[in-house]
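Geometric and topological summary
Listed below are the residues making up each chain.
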Amino acid sequence: MQESLETIRDVIYTQNSDGTISFKDGESIELTNLSAVQLLNKKAGELELLSDFGTRLNLLKTVEEAFYELGQELLKLLPGACIMISAQEEESHFIRVKKIYGLRGNLKRVISLLGVNPTRIRIDTLSMDIKQLQLFTNGRLNTIDQGLFYLFNEQISKNLCQTTEKILGINRIETMGFSFNGHHKGGVSLLMREGTDFDNRTLIESLIKQAAISIDRLRAENGLKDSGKKYRELVEKAELAIAIDDKDGMITYFNQEFANVFGYSSEEIIGQSHQSLCHPEDLQWIERIHKKRLNGEKVPEEYEFRGIKKNGKVVWVMLKTAPVIRQGRITGTRNYLWDITERKLN
């Protein structure tokens, strides 16, 4: 039975007759040693922390920065714990530990105990059974009773795992995956020692969910940047000349090979157009075809013409062209050119 609906520090809550308090996000907490006001102040503090964390995540530029922010925030909440953050490898279905926080210089010792660096262990998500996948895609923290042996997908002997846990004082392991549309893309494992305070499970789950969204966004953004960089490098290294012009025939983009065909440097080719690059006797019909293409009329996609190099010499060019369409309108053409002078003169 609900008795009241109130707000403290912008936290909307309902105090129930069974001694619990329910919050707008669905969480229900039993009143024990804390008063209602103390509990609500604690909840408000958690919401402020989440808001601040989300703001910091939005300012990040790389996935590694997101790993660090998440790791440091979890260490504040779980002093003495070890935080392992894993992620899916690029263009792969393998998961690997990317960052470990909280070992305080004990990584070499862990490597010695386990016989392998945890960051070198690759887990194939395609080999996981249904139970394992559900564990990492259910969107909440899960207790790993089998310890490191299970966490490392049984790739390290059980005896070595148990020995490492004992020496490091690990008595509890919780893990939560980064899950998107049911796909396991890594996650966070909390290796806690005896005495680690773990009464803020919901807050930790919320932090991990926020970080997972940020990590997925950053990977997508950086992936696009990398793809664009690789494409530009490919274009620059291509043996064919590439150029884009606008409706007036002005060159708006070109690669180095395009400048080479006409004997210009990259700086000198800027501002050139059909008028300056085409032979006067071919310019009229080239511009006529260009105008028709801009109007959507059917014209040849491939033809030969004479160009004029910087030194005034004629260069024969084979051109293959296609319209550039932006927001449903033809704004110019994309052109691929080959220097065929030698073939034409022989």
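Residues numbered from 1 in each chain as written. Predicted model: local features only at pLDDT ≥ 70, side-chain atom pairs only at ≥ 80, totals over all residues. Heavy atoms only, no water.

Scanning the protein chain for helices and strands turns up 12 helices and 15 strands. Pairs at least 24 apart in sequence give 51% of the contacts found in the protein chain among residues at least 6 apart. Accessible surface, the protein chain as shown: approximately 19800 Å² in total, 50% of it carbon and sulfur. (Helix = DSSP H or I, 4+ residues; strand = E, 2+ residues; numbered from the N terminus. Contact = heavy atoms within 4.5 Å. Areas by Shrake-Rupley, 256 points an atom, 1.4 Å probe, with all protein chains shown as cover.)

Remark: the centre distance and the inter-plane angle together describe each pair of aromatic rings, the angle taken between the planes. Throughout the structure, instances matching the rule amount to three aromatic pairs. Ring centres of Tyr 68 and Tyr 101 lie 6.2 Å apart, and the angle between their planes is 70 degrees; this geometry places the pair in the edge-to-face category. In this pair, Tyr 68 sits in helix α2 (residues 63-77) while Tyr 101 sits in strand β6 (residues 94-101), placing the two residues 33 residues apart along the sequence. Judged by its relative accessible area of 45%, Tyr 68 is partly exposed. Relative to Tyr 303, the ring of Trp 285 lies with its centre 5.5 Å away and its plane at 70 degrees, an arrangement referred to as edge-to-face. In this pair, Trp 285 sits in helix α11 (residues 280-294) while Tyr 303 sits in strand β13 (residues 302-308), placing the two residues 18 residues apart along the sequence. Relative accessible area serves as the criterion here: at 24%, Trp 285 is assigned to the partly exposed category. Accessibility expressed as a relative area gives 12% for Tyr 303, which makes it buried. Between Arg 122 and the ring centre of Phe 94, over which it is positioned, the NZ or CZ distance is 4.0 Å. (Phe/Tyr/Trp six-rings, centres within 6.5 Å; stacked < 30°, edge-to-face > 60°. Buried < 20%, exposed > 50% of the residue type's maximum accessible area, 1.4 Å probe, protein only. Lys NZ or Arg CZ within 6 Å of the ring centre and 35° of its normal.)

Relative to the assigned elements, Ile 100 resides in strand β6. Beyond its immediate stretch of four places on either side in the chain, Ile 100 contacts Cys 82, Ile 83, Met 84, Leu 107, Pro 118 and Thr 119.

Looking now at the pattern of salt bridges. The full count for this structure, using the stated rule, is 16 salt bridges. For Asp 52, the salt bridge identified is with Arg 56, shortest N-O distance 2.4 Å. Here Asp 52 and its partner Arg 56 are both found in helix α1 (residues 36-58), four residues apart, which amounts to about one turn of the helix. Classification of Asp 52 as partly exposed rests on a relative accessible area of 42%. (Salt bridge = Lys/Arg side-chain N within 4 Å of Asp/Glu carboxyl O.)

Okay, the sheet that holds strand β14 (residues 314-326) next. In spatial order, the strands read β12-β11-β15-β14-β13; together these five strands make up an open sheet with antiparallel pairing. At either margin of the open sheet sits one strand with a lone partner, and together these are β12 (251-254) and β13. Sheet twist, expressed as the mean angle between neighbouring strand axes with direction ignored, is 35 degrees. Both strand β11 (residues 241-246) and strand β15 (residues 329-339) contribute to a ladder of six bridges, which runs antiparallel. By the bridge assignment for β15, Ala 243 is matched with Asn 335. Of the strands in this sheet, β11, β13, β14 and β15 touch α11, which is tilted by about 135 degrees from β13. (Pairing = 2+ DSSP bridges. Axes fitted to C-alpha atoms, helices over the stretch in contact; angles between N-to-C directions.)

Two elements in contact, helix α3 (residues 107-114) and helix α6 (residues 158-168), have axes whose closest approach is 9 Å; the angle formed by their N-to-C orientations is 150 degrees. By the angle class used here, α3 and α6 are roughly antiparallel. The hand of the α3/α6 crossing is right-handed. Contact residues: α3 offers Arg 109, Val 110, Leu 113 and Leu 114, while α6 offers Leu 160, Cys 161, Thr 164, Ile 167 and Leu 168. Its residues assigned to classes, the contact of α3 with α6 comprises seven nonpolar, one polar and one charged. (Parallel < 35°, antiparallel > 145°, perpendicular 65-115°, else oblique. Left-handed = near helix turned anticlockwise from the far one by under 90°. Nonpolar A, V, L, I, M, F, W, Y, C, P; charged D, E, K, R; others polar.)

Moving on: the confidence of the model for the protein chain. Averaged over the protein chain, the pLDDT score is 82; the fraction of residues at 70 or greater is 82%. Low pLDDT (under 50) marks residues 1-11, which in the prediction has 32 contacts with non-local residues, meaning those over four places away or in another chain. (pLDDT = per-residue confidence, 0-100.)

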